[in-house]
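Structural characterization, general
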Amino acid sequence: MKIKKIIIVLSVALFTWSGCADFLEREPDKILSDDQVFGDAVMIKSVLANFYGRITWGQHIDDSYSYTILDEASKSDGGPDNRMGFEDDRWRVYDYTLLRNLNQFLKGVRETKVLDAITQKQLEGEARFIRAWLYFNMCRSMGGMPIVGDEVFEYSPGMDITSIQYERSTEAKLYDYIISECDVIKDFLPVNPSVNAARATKWTVLMLKARAAVYAGSIANYNNKMPDPIKTQGGEVGIPANLAQGYYQTALSAAEEVINSGKYELQLTKPDDRGRNFYEALSVKENNKEVIWARDYKYPGQTNGFTQSNIPASHAEDIDRAYAGPILNLVEDFEYINDRNGEIKTKDANGNYIFYDKAEDAFANKDPRLWGTVIYPGAVFKGTPVILQAGQKYLDKGEWKFRTSEPGERDDNDVLITSINGPTTTNNQFVNKSGFFFRKFMDETPSASTRGRRSEMWFPRFRFAEAVMIAAEAAFELNQPVKAMNYINQIRNRAGIQSLTSVTFDDIVREYRVEFAFEDHRYWDLKRWRLADKIWNGVQNDLKAQQWALFPYLVSDPGNPNDGKWVFDKIPTHMSPNPRHFEMRNYYNFIDQGWINNNPKIVKNPFQ
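Residues numbered from 1 in each chain as written. Predicted model: local features only at pLDDT ≥ 70, side-chain atom pairs only at ≥ 80, totals over all residues. Heavy atoms only, no water.

1. Quick word on the overall build of the chain
Looking only at helices and strands, the chain has 17 helices and 14 strands in total. Put simply, the chain has 608 residues, and 60% of those count as buried. Relative to all contacts within the chain whose residues are 6 or more apart in sequence, the contacts with residues 24 or more apart total 73%. In the chain, 74 positive and 82 negative side-chain charges are present, and the distance between their average locations comes to 3 Å. (Helix = DSSP H or I, 4+ residues; strand = E, 2+ residues; numbered from the N terminus. Buried < 20%, exposed > 50% of the residue type's maximum accessible area, 1.4 Å probe, protein only. Contact = heavy atoms within 4.5 Å. Lys, Arg positive; Asp, Glu negative; His and termini not counted. Charge placed at Lys NZ, Arg CZ, Asp CG, Glu CD.)

2. Some words on the pattern of salt bridges
Using the criterion set out here, one finds 52 salt bridges in the structure. The salt bridge partner of Asp-150 is Arg-110, with a shortest N-O separation of 3.1 Å. Note that Asp-150 is positioned in the loop between α4 (117–142) and α5 (171–185) and Arg-110 in helix α3 (residues 96–111), a separation of 40 residues in sequence. The salt bridge partner of Glu-257 is Lys-202, with a shortest N-O separation of 3.9 Å. Taken together, the residues span a long stretch of sequence, with Glu-257 in helix α7 (residues 244–259) and Lys-202 in helix α6 (residues 202–222) at a distance of 55 residues. Exposure remark for Glu-257: the relative accessible area of 29% places this residue in the partly exposed category. (Salt bridge = Lys/Arg side-chain N within 4 Å of Asp/Glu carboxyl O.)

3. With respect to the packing of helix α12 (residues 464–477) against helix α14 (residues 505–515)
In contact at an axis separation of 10 Å, α12 and α14 are set at 170 degrees when each is read in the N-to-C sense. Between α12 and α14, the crossing angle belongs to the class labelled roughly antiparallel. Of the residues in α14, those in contact with Ala-465, Met-469, Ile-470, Ala-472, Glu-473, Phe-476 and Glu-477 of α12 are Phe-505, Ile-508, Glu-511, Tyr-512 and Glu-515. Class assignment for the residues of the contact of α12 with α14 results in eight nonpolar, no polar and four charged. (Axes fitted to C-alpha atoms, helices over the stretch in contact; angles between N-to-C directions. Parallel < 35°, antiparallel > 145°, perpendicular 65-115°, else oblique. Nonpolar A, V, L, I, M, F, W, Y, C, P; charged D, E, K, R; others polar.)

4. Some words on the confidence of the model for the chain
On average, residues of the chain score 93 in pLDDT, and 93% of them are at 70 or above. This model gives residues 6–29 a pLDDT under 50, and the stretch forms 50 contacts once residues within four places in sequence are excluded. (pLDDT = per-residue confidence, 0-100.)

5. Details of the packing of aromatic side chains
Scanning the model with the defined rule gives 38 aromatic pairs in all. Aromatic side chains Phe-38 and Phe-105 sit 6.0 Å apart centroid to centroid with 55 degrees between the ring planes, which places their arrangement in the tilted category. Taken together, the residues Phe-38 in helix α1 (residues 34–38) and Phe-105 in helix α3 connect sequence positions 67 residues apart. With respect to class, Phe-38 is no different from Phe-105; both count as buried. Taken together through their ring pairs, the aromatic side chains of Phe-86, Trp-91, Tyr-523, Trp-524, Trp-536, Phe-582 and Tyr-587 make up a single cluster. Sitting over the ring of Tyr-512, Arg-528 keeps its end group 5.4 Å from the ring centre. (Phe/Tyr/Trp six-rings, centres within 6.5 Å; stacked < 30°, edge-to-face > 60°. Lys NZ or Arg CZ within 6 Å of the ring centre and 35° of its normal.)

6. Considerations on the packing of helix α8 (residues 274–283) against helix α13 (residues 481–495)
Contact geometry for α8 and α13: axes closest at 9 Å, N-to-C directions at 115 degrees. On α13, the residues that touch Arg-274, Asn-277, Phe-278 and Ala-281 of α8 are Asn-493, Arg-494 and Ala-495. Split into classes, the residues belonging to the contact of α8 with α13 amount to three nonpolar, two polar and two charged.

7. Topic: the sheet that holds strand β14 (residues 566–572)
Strand pairing within a sheet occurs via backbone hydrogen bonds; the two strands may be parallel or antiparallel. An order of β10-β9-β13-β14 is seen for the four strands of this open sheet, with the pairing classed as mixed. Each of the sheet's edge strands pairs with one partner strand only, and the pair in question is β10 (399–403) and β14. Between one strand axis and the next, the sheet turns by 40 degrees as a mean value, whatever way the strands run. Bridge analysis of strand β9 (residues 391–396) against strand β13 (residues 548–555) gives three bridges, and the strand direction is parallel. Within β13, the residue paired with Gln-392 across the bridge is Leu-554. (Pairing = 2+ DSSP bridges.)

8. Some thoughts on the pairing of β13
Regular strands place side chains that alternate from one sheet face to the opposite one. Along β13, eight of the eight residues are buried, which leaves the element largely enclosed by surrounding structure. With seven bridges joining them, β13 and β14 adopt antiparallel strand pairing. Across the sheet, Leu-554 pairs through a bridge with Trp-566, a residue of β14.

9. Focus on the side chain of Asn-137
You can see Asn-137 is positioned in helix α4. A polar contact is formed between the side chain of Asn-137 and the backbone oxygen of Trp-133, at a distance of 2.8 Å. With residues near it in sequence (within four places) discarded, Asn-137 still touches Trp-57 and Val-93. (Polar contact = N/O pair within 3.5 Å; in protein donor to acceptor, adjacent residues only side chain to side chain.)

10. Remarks on unusual backbone geometry
Going from Tyr-299 to Pro-300, the amide bond is cis rather than trans, its omega being -10 degrees. Looking at the secondary structure, you find Pro-300 in the loop between β4 (291–295) and α9 (306–310). Cis rather than trans, the peptide bond between Gly-422 and Pro-423 has omega equal to 10 degrees. Tracing the sequence through the fold places Pro-423 in the loop between β10 and β11 (437–438). The backbone phi angle of Lys-382 is positive, close to 50 degrees, even though this residue is not glycine. Residue position: Lys-382 is located in the loop between β7 (380–381) and β8 (384–385).

11. Notes on the state of the cysteines
For the structure on display, the rule yields zero disulfides. The thiol sulfur of Cys-139 is not disulfide-bonded, and the nearest other cysteine sulfur, from Cys-182, lies at 13 Å. (Disulfide = S-S within 2.5 Å.)

12. Side note on the environment of Ala-127
Within the secondary structure, Ala-127 sits in helix α4. Between the alpha carbons of Ala-127 and Phe-105 there is a distance of 7.7 Å; along the sequence they are 22 residues apart. Beyond its immediate sequence surroundings of up to four residues, Ala-127 is in contact with Leu-48, Leu-102, Phe-105 and Leu-106.

13. Quick look at α12
Taking 1.5 Å of rise per residue, 14 residues should cover 20 Å, and α12 covers 20 Å from first to last C-alpha, within 8% of that figure. Counting buried residues along α12, 13 of its 14 residues qualify, which places the element largely inside the surrounding structure. Looking at the residues trailing α12, positive phi occurs at Asn-479, about 60 degrees. (Expected span 1.5 Å × (residues − 1).)

Below is the structure:
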């Protein structure tokens, strides 16, 4: 079918294309004919850049609120969030408009005469990768959806529309399609990493193949172990259990191809500072050897507000700060270097406070990845400590009591009462409420937290550590325990914590949790393993379903031998008073009635 026109929005700062100088001077937001677009090599690449800019879904660093929905962080600003359950369309992806645009683009690229054969193949490969990524995001949120191939549908009044109404694919067939597309296009793409990991390479495609396969394997495995497996009669939801082993083998093979490529590694440039090393492996673009594909940002043009929104008040460069903060639930899943129990020790066996000389001592010998992920009380950020102090503790007739103040106020002895950073249980704006700040993805560049500049921080979607973890998980499920142990220990050894002598499923769940915090894994992992309803069970004050805060207090009690030391209280965060409640209906997003009205062949998902 003839492409009549294509609408483009120029994304001039997202990617580094060769020979773009003339193009950057053109006016954006034009409706251009196919001859104009596909008769100009620079314009073709610009349309592709636009597609890359349209595929930001799920949790990401330009939506700080997205992190407060799960058990990773809670709000600190804007008033309490009374959420308990999950919406029927939470992170749902259904973008057949983008799919049609991609198919238009593919037709034009295949027919154009202005590209050499190698470039033509690469651009086709990138467009097909984006299309496969779109299908993957649809599949993990809703199950099998219509696969339209390369069709570009044109509607004319009075035509028989049944020819353009496709039935839903089965969930298995859609994962199979994604995997098969990856097999076809992987050799269309470069083998060398792209600038700032912004464009797809062969290894990006293999990472999608590995992730799609391990997701499909998990669903075939764990969905069928439920008392009442979630499925539809036509297989649009639910994958047969006998397919699990094949998917796990596919995931293992694809992950090992990435691992053995020699193009990426578990970055370890600072072996004497494993916390700093982990932060830089995730958050510093220069000379990065770990990130395979990322949503990149560049000033001027496109920047993000994560640092601006979440920076501690003591380090802020503008009026914005402290929108959200990590919670104790996440912090305690990070082990100690030689102790797998990551619980922060606040009281002894008799219920008496444990006193620390410095606030940061409570986190001594923790998994160094915690330092690289979270700013905890007393930790250094941009060269100076972040003081988190909820108030002062003192003894009164043998009972510990506390005093608080407005943030930043001091007592008559010039001793700080409540830090400007918090945490507090008030609704003060721009003050922390959880006891922790983000570090991962916080930009240390001067002016990155200002409204005028914001941040160039990228958001990794695939990195080498995930290839290693997929290999570990797939090997475990394939009953290859030694291989699973060797792979998971690569992750742990880079982190600087003790090796495992055997691997359990719980070990895999926990390792994903701490390695990929804030990277849009947690929600989807718990769904594919069918754990979400068990962890987010809706029980008030449950240790996992409830969001918990850690409040540090300075002992200010002259004459007391513990004067000047620190104690901690664990409390439910008042900004999220309700426990998270994930229901069976939340495993698959609902199908919108409007889609069914347009295409009656689309069947509803379970529980609708």
